[in-house]
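Below are the chains, spelled out letter by letter.
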Amino acid sequence: MKKEYTIPKKLLGGKRKDVISWDEDFMLHAVVASSRSKDPNSQVGACIVGKNNRILSLGYNGAPNTWDDNNFPWERDNKEAKYNKYPYVIHGEMNALLNYKGDNKDLEGATVYVTLFPCHECAKFLAQAGIKRIVYLSDKYNGTEDNIMSKTCMEYCGIEYQELSTDLQKDYMVSLKPDTGIKRVDK
């Protein structure tokens, strides 16, 4: 196909240079999603991204849909399990999977950006959905039995997992004012 006209070279290349990377973009979406969590101890967000760098779904840890957050047991250390959050809370990764309303084929080979390394239960469901890559911000439970089971599941299921590059773990300034957006804060 013949071009009808050519843009002069002197008019090309004037784009912004300080744009954030895809990894930063999607992890920031996970961080923003985590801010919706009502959990007083752990706010976890997840962002599922398809192979074409398109966001498929977001999720955060919280109570089941119809359970009023005001009547939810947010404790984690009560001696009676039924009064702790653990039997009831839905993790951010699981909510992101459940929130996805598209064709499940789009999840095959997708990446999940998550603020906290997935537990072994979430690892199983991510594997079953066809997720092939996990980028996490924190692995604060590294070495625990649950963490080892999660990593074992991922390794046997062919899921690559990696911490967000420390070069990208910086402070960002976010503004909801027009034309300001997100900027890295260099210290």
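Refer to the structure above for everything that follows.
Residues numbered from 1 in each chain as written. Predicted model: local features only at pLDDT ≥ 70, side-chain atom pairs only at ≥ 80, totals over all residues. Heavy atoms only, no water.

With respect to the helices and strands, Ser150 occurs in helix α4 (residues 145-156). Since its relative accessible area comes to 0%, Ser150 is described here as buried. With residues up to four places along the chain from it excluded, the contact list for Ser150 reads Phe117, Pro118, Cys119, His120 and Ala123. (Helix = DSSP H or I, 4+ residues; strand = E, 2+ residues; numbered from the N terminus. Buried < 20%, exposed > 50% of the residue type's maximum accessible area, 1.4 Å probe, protein only. Contact = heavy atoms within 4.5 Å.)

Moving on, we get to helix α1 (residues 22-34). In a regular helix each residue adds 1.5 Å, so 13 residues correspond to 18 Å; α1 covers 18 Å between its end C-alpha atoms and thus fits that length. For α1, every residue scored as buried is listed here: Asp23, Glu24, Phe26, Met27, Leu28, Ala30, Ala33 and Ser34. Looking at the packing, one finds that the buried side of α1 touches β1 (45-49), β2 (55-60), β3 (111-116), β4 (133-138), β6 (171-174) and β7 (182-185). (Expected span 1.5 Å × (residues − 1).)

It is worth spelling out unusual backbone geometry at this point. Leaving glycine out, the prevailing phi sign among residues is negative, and the prevailing peptide bond configuration is trans. Of note, the phi angle at Asn53 is positive, near 60 degrees, even though the residue is not glycine. As for its placement among the helices and strands, Asn53 is situated in the loop between β1 and β2. Owing to a relative accessible area of 30%, Asn53 belongs among the partly exposed residues under this scheme.

Attention shifts here to the packing of aromatic side chains. Under the counting rule described, the total for this entry stands at eight aromatic pairs. Arranged with centres 4.9 Å apart and planes meeting at 70 degrees, the rings of Trp67 and Phe72 form a pair that is edge-to-face. For Trp67, a relative accessible area of 29% translates into the label partly exposed. Considering the side-chain rings of Phe72 and Tyr88, the 6.3 Å spacing of their centres and the 75 degrees angle between planes classify their relative orientation as edge-to-face. Taken as a pair, Phe72 in the loop between β2 and α2 (92-99) and Tyr88 in the loop between β2 and α2 lie far apart in primary sequence, 16 residues in all. Taking relative accessible area as the criterion, Tyr88 reaches 26% and is therefore assigned partly exposed. Joined through ring pairs, the aromatic side chains of Trp67, Phe72, Trp74 and Tyr88 make up one cluster. Between the NZ or CZ atom of Lys151 and the centre of the ring of Phe117, over which it lies, the distance is 5.1 Å. (Phe/Tyr/Trp six-rings, centres within 6.5 Å; stacked < 30°, edge-to-face > 60°. Lys NZ or Arg CZ within 6 Å of the ring centre and 35° of its normal.)

On to the sheet that holds β1. Taken in spatial order, the five strands of this open sheet run β2-β1-β3-β4-β5, and their pairing is mixed. The open sheet has two edge strands with one neighbour each: β2 and β5 (160-163). Between one strand axis and the next, the sheet turns by 15 degrees as a mean value, whatever way the strands run. Direction of pairing for β3 relative to β4: parallel, over a ladder of five bridges. The residue bridging Val114 from the neighbouring strand is Tyr136, located in β4. The strands touched by α2 are β1, β2 and β3; relative to β2, the strand with the most contacts, the crossing angle is about 135 degrees. (Pairing = 2+ DSSP bridges. Axes fitted to C-alpha atoms, helices over the stretch in contact; angles between N-to-C directions.)

Take the nonpolar core next. Core analysis: the biggest nonpolar cluster contains 21 residues, and Ile48, Val112, Val114, Ile131 and Ile134 have the highest contact counts within it. Elements with a contribution of two residues or more to this core: β1, α2, β3, α3 (120-129), β4 and α4. Excluding residues within four positions of it along the chain, Val114 makes contact with Met27, Val44, Gly45, Ala46, Glu93, Ile134, Val135, Tyr136 and Leu137. Formed by eleven residues, the second largest nonpolar core is a distinct cluster that contains Ala30, Val49, Leu168 and Tyr172. (Core = buried A, V, L, I, M, F, W, Y, C linked by side-chain atoms within 4.5 Å.)

Another aspect to go through is the pattern of salt bridges. Taken as a whole, this structure holds eight salt bridges when the rule is applied. With its nearest N and O atoms 3.9 Å apart, the salt bridge here joins Lys105 to Asp103. Given a relative accessible area of 40%, Asp103 falls into the partly exposed group. For Arg133, the salt bridge is made with Glu160, and the minimal N-O distance between the two is 3.9 Å. You can see Arg133 sitting in strand β4 and its partner Glu160 sitting in strand β5, a full 27 residues away along the chain. Through salt bridges that share partners, Asp23, Arg133 and Glu160 make up one connected network. (Salt bridge = Lys/Arg side-chain N within 4 Å of Asp/Glu carboxyl O.)

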